[in-house]
Amino acid sequence: MADPRSLRIDVGPIELQPDGHGQWTLSSSRGGAEAASGISSGWSDWVALAHRVLQADAIWRDVEGRGDAWDQGFAAGRGGGEDPNPYRG
């Protein structure tokens, strides 16, 4: 089973374009074709979303770090020199 952490979530380059009415629309270009996502919101909403993404990333990294530490401690307690968990790396 492949380590799911090795798979990238990639939507390509994204841009926020102002519409002139205080709203910003998310657009992405993939393969040279411009495709609007249809999501428009105020700037403060986009900043709040970015903040939440960073918070979720920090939580994920903390949980993964604790899992790695547990695996290493468990393997050390068994006295084996093998890789504690081949799916972590």
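Residues numbered from 1 in each chain as written. Predicted model: local features only at pLDDT ≥ 70, side-chain atom pairs only at ≥ 80, totals over all residues. Heavy atoms only, no water.

Looking only at helices and strands, the protein chain has one helix and three strands in total. Counting the 89 residues in the protein chain, one finds 11% classified as buried. Carbon and sulfur atoms make up 59% of the accessible area of the protein chain, which totals about 7,200 Å². (Helix = DSSP H or I, 4+ residues; strand = E, 2+ residues; numbered from the N terminus. Buried < 20%, exposed > 50% of the residue type's maximum accessible area, 1.4 Å probe, protein only. Areas by Shrake-Rupley, 256 points an atom, 1.4 Å probe, with all protein chains shown as cover.)

Now for the side chain of Ser41. Position of Ser41 relative to the elements: it lies in strand β3 (residues 33–41). Note on Ser41: relative accessible area 17%, which makes it buried. Here Ser41 is in contact with Gly22, Gln23, Trp24 and Trp46, once residues within four sequence places are set aside. (Contact = heavy atoms within 4.5 Å.)

Another point: the pattern of salt bridges. Per the stated rule, a full pass over the model turns up two salt bridges. Arg61 serves as the salt-bridge partner of Asp57, at 2.8 Å between the closest nitrogen and oxygen. Placement of both Asp57 and Arg61 in helix α1 (residues 43–78) is noted, with a separation of four residues, approximately one turn of the helix. (Salt bridge = Lys/Arg side-chain N within 4 Å of Asp/Glu carboxyl O.)

Moving on, we get to the environment of Leu16. Mapped onto the elements of the fold, Leu16 is located in strand β1 (residues 14–18). Its relative accessible area of 27% is what places Leu16 among the partly exposed residues. The spatial distance from the C-alpha of Leu16 to the C-alpha of Ser28 is 8.8 Å, given a sequence separation of twelve residues.

Here we come to the confidence of the model for the protein chain. Caution is warranted with low-pLDDT regions, since their predicted coordinates should not be read in detail. This prediction gives the protein chain a mean pLDDT of 76; 69% of its residues lie at or above 70. Model confidence for the protein chain, summarised as mean pLDDT per element, is weakest for β3 at 66 and strongest for β1 at 84. (pLDDT = per-residue confidence, 0-100.)

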